[in-house]
Amino acid sequence: MMRFCCSLLTPTPFLPSNARRWPLMIDPQGQANKWIKNMEKANNLHVIKLSDSDFVRTLENCIQFGTPVCYCIAVAVLKCGALQ
């Protein structure tokens, strides 16, 4: 099996500021999440998760009124060296 080493992984953040479509950001260190929250704070950013009881209502309202929304998905993270 292939072994992954932490020294091979380098953090390279890519934060879009102008795009035609919605960006997908894989953000294990939380940099993009923090950046988006800071940039959209004045525009009443809504952060939603699938487990929220008002997920659909919040998403519908954000689409209807043009309010920014950040949909966060939490996934399991493997520690370096776990795959051997």
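Definitions and limits used
Each residue is numbered by its place in its chain's sequence as written, counting from 1. For this predicted model, a pLDDT threshold of at least 70 governs which residues receive local features, and a threshold of 80 or more governs which side-chain atom pairs are given and counted, while totals over whole chains, interfaces and linings are taken from all residues. Hydrogens and waters are ignored; side-chain quantities use all the structure's heavy atoms. Throughout, disulfides are identified as pairs of cysteine sulfur atoms within 2.5 Å of each other. For patch detection, residues must exceed 30% relative accessible area and be free of salt bridges, and they are connected within 9 Å for like charges or within 5 Å for nonpolar side chains (Val, Leu, Ile, Met, Phe, Trp, Tyr). To be clear on the numbers: accessible area is Shrake-Rupley with a 1.4 Å probe, and residue cover counts the displayed protein chains and nothing else. Whenever a carboxyl oxygen of Asp or Glu lies within 4 Å of a side-chain nitrogen of Lys or Arg, that contact is scored as a salt bridge. Under the scheme used here, helices are H or I runs from DSSP no shorter than 4 residues and strands are E runs no shorter than 2 residues, and both carry numbers assigned from the N terminus. Burial classes: relative accessible area under 20% of the type maximum marks a residue as buried, over 50% as exposed, and values in between as partly exposed (1.4 Å probe, protein chains only). To obtain the arc, one takes the directions from the helix axis to the C-beta atoms. The criterion used for residue contact is that any of the two residues' heavy atoms lie within 4.5 Å. In predicted models, pLDDT denotes the confidence assigned by the predictor to each residue on a 0 to 100 scale.

### Description of the state of the cysteines
(1) Moving on: According to the stated counting rule, one finds zero disulfides in the structure shown.
(2) Moving on: Here Cys 72 stays free of any disulfide, with the sulfur of Cys 70 as its closest cysteine sulfur at 3.7 Å.

### Things to note about a nonpolar patch on the surface
(1) Moving on: A grouping of Leu 50, Tyr 71 and Ile 73 is seen on the molecular surface, where their side chains present a nonpolar patch of about 350 Å² in accessible area.
(2) Moving on: Relative to the elements of secondary structure, Ile 73 occurs in the segment after β2 (69-71).
(3) Moving on: The exposure class of Ile 73 is exposed, given its relative accessible area of 61%.

### A short note on helix α2 (residues 55-65)
(1) Moving on: The set of residues buried in α2 consists of Phe 55, Thr 58 and Cys 62. Down the axis of α2, the buried set is contained in an arc of 75°. They therefore lie on one face. Exposed and facing more than 90 degrees away from the buried side of α2 are Arg 57, Ile 63 and Gln 64.
(2) Moving on: In this fold, the buried residues of α2 make contact with β1 (46-48) and β2.
(3) Moving on: Of the residues one or two after α2, Gly 66 is the one with positive phi, at around 75°.

### Quick word on the side chain of Thr 58
(1) Moving on: Inspection of the secondary structure puts Thr 58 in helix α2.
(2) Moving on: Sequence-distant contacts of Thr 58, that is, excluding residues within four places in its chain, are made with His 46 and Ile 48.

### Here we look at the confidence of the model for the protein chain
(1) Moving on: Looking at the protein chain, pLDDT values average 76 and 67% of them are 70 or higher.
(2) Moving on: Model confidence for the protein chain, summarised as mean pLDDT per element, is weakest for helix α1 (residues 31-39) at 85 and strongest for α2 at 94.
(3) Moving on: pLDDT under 50 marks residues 1-5. Its contacts with residues more than four places away, or in other chains, come to six contacts.

### Some words on the environment of Tyr 71
(1) Moving on: Here Tyr 71 shows up in strand β2.
(2) Moving on: Separated by 25 residues in the primary sequence, Tyr 71 and His 46 have C-alpha atoms spaced 8.5 Å apart.
(3) Moving on: Excluding residues within four positions of it along the chain, Tyr 71 makes contact with Ile 48, Lys 49, Leu 50 and Phe 55.

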